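Coordinate analysis (summary)
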Amino acid sequence: MAEQAQGTRHRRRGEELEADLLEAAWQELVEVGFARLTMESVAARAKTGVAVLYRRWPNKDELVIAAIRHHGTKYPVEIPDTGSLRGDMIELLNNSSTMRVSFATIVGAAFSGLMASTGLTPAEVREKVMPDRPLRTEQVFARAHERGEIDLDGIPPAVLAMPYDLMRHDMLMTYQPIPPERVLEIVDELFMPLVTLSRPKQAG
């Protein structure tokens, strides 16, 4: 009976197998950290052979980067639609802070290991693990532009990225979600005054 069950066991392939491997790598990163994670330990957690990993990722660094990106994509932060740019940014930052604090903590802890192992700068590591991070706010900014709240053509990219940059800094400094009052400070005292400088002038 056991031999029959073994023979009919579901065999993972393609995207399903890759997702399982990346999930195993993420769980290993969470539990033991970058320094103690190995290709062998991930393969054991995923219940597969280490050669299966090496066929997809040439080394531990590339596997960890892929696992971080996979986890961030698998659990996205919902994009709000409150009807105003201010409301959207407050809700987005609060939701992101709550959902992403553990993610940011784990990724932050892995950064030093990745930098030492790859020779990349912090900015280069961030680009590899979160290359599309600003895209989460594109819908929010596009809707605000359509409503006439802001003029996207006149806002520097650094201003649009600032709320997330500040939130990430605060989370990495404290390993805690940022308080709602800090979100209001970022949005009301820093972000909104800068972006509304570019508000389209009313005709007439």
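What comes next is a walk through the structure. Model, not experiment: these values are computed from the prediction.

**Looking at unusual backbone geometry**
Of note, the phi angle at K47 is positive, near 55°, even though the residue is not glycine. Inspection of the secondary structure assignment puts K47 in the loop between α3 (39-46) and α4 (50-54).

**Topic: the environment of F191**
Looking at the element boundaries, F191 is found in helix α10 (residues 180-195). With relative accessibility at 0%, the residue F191 sits in the buried group. Linking F191 and M89, residues 102 residues apart in sequence, is a C-alpha distance of 9.3 Å. For F191, the residues in contact, after removing those within four places along its chain, are L85, M89, F141, V159, L160, M162, P163 and I186.

**Considering the environment of S97**
For S97, the location among the structural elements is in helix α6 (residues 85-118). With a relative accessible area of 1%, S97 lands in the buried category. Considering only alpha carbons, one finds S97 and D170, 73 residues apart in sequence, at a separation of 9.7 Å. In this structure S97 touches M167, M171, P177 and I178, once residues within four positions along its chain are discounted.

**Remarks on the packing of aromatic side chains**
Enumeration according to the criterion identifies two aromatic pairs in this entry. With a centroid separation of 5.6 Å and an interplanar angle of 25°, the aromatic rings of W26 and F103 are classed as stacked. Of the two residues, W26 is situated in helix α2 (residues 14-36) and F103 in helix α6; the sequence distance between them amounts to 77 residues. Its relative accessible area of 4% is what places W26 among the buried residues. Directly above the ring of F34 sits K60, whose terminal nitrogen or CZ lies 4.3 Å from the centroid.

Reading the values: rules and limits
- Residues numbered from 1 in each chain as written.
- Predicted model: local features only at pLDDT ≥ 70, side-chain atom pairs only at ≥ 80, totals over all residues.
- Heavy atoms only, no water.
- Helix = DSSP H or I, 4+ residues; strand = E, 2+ residues; numbered from the N terminus.
- Buried < 20%, exposed > 50% of the residue type's maximum accessible area, 1.4 Å probe, protein only.
- Contact = heavy atoms within 4.5 Å.
- Phe/Tyr/Trp six-rings, centres within 6.5 Å; stacked < 30°, edge-to-face > 60°.
- Lys NZ or Arg CZ within 6 Å of the ring centre and 35° of its normal.

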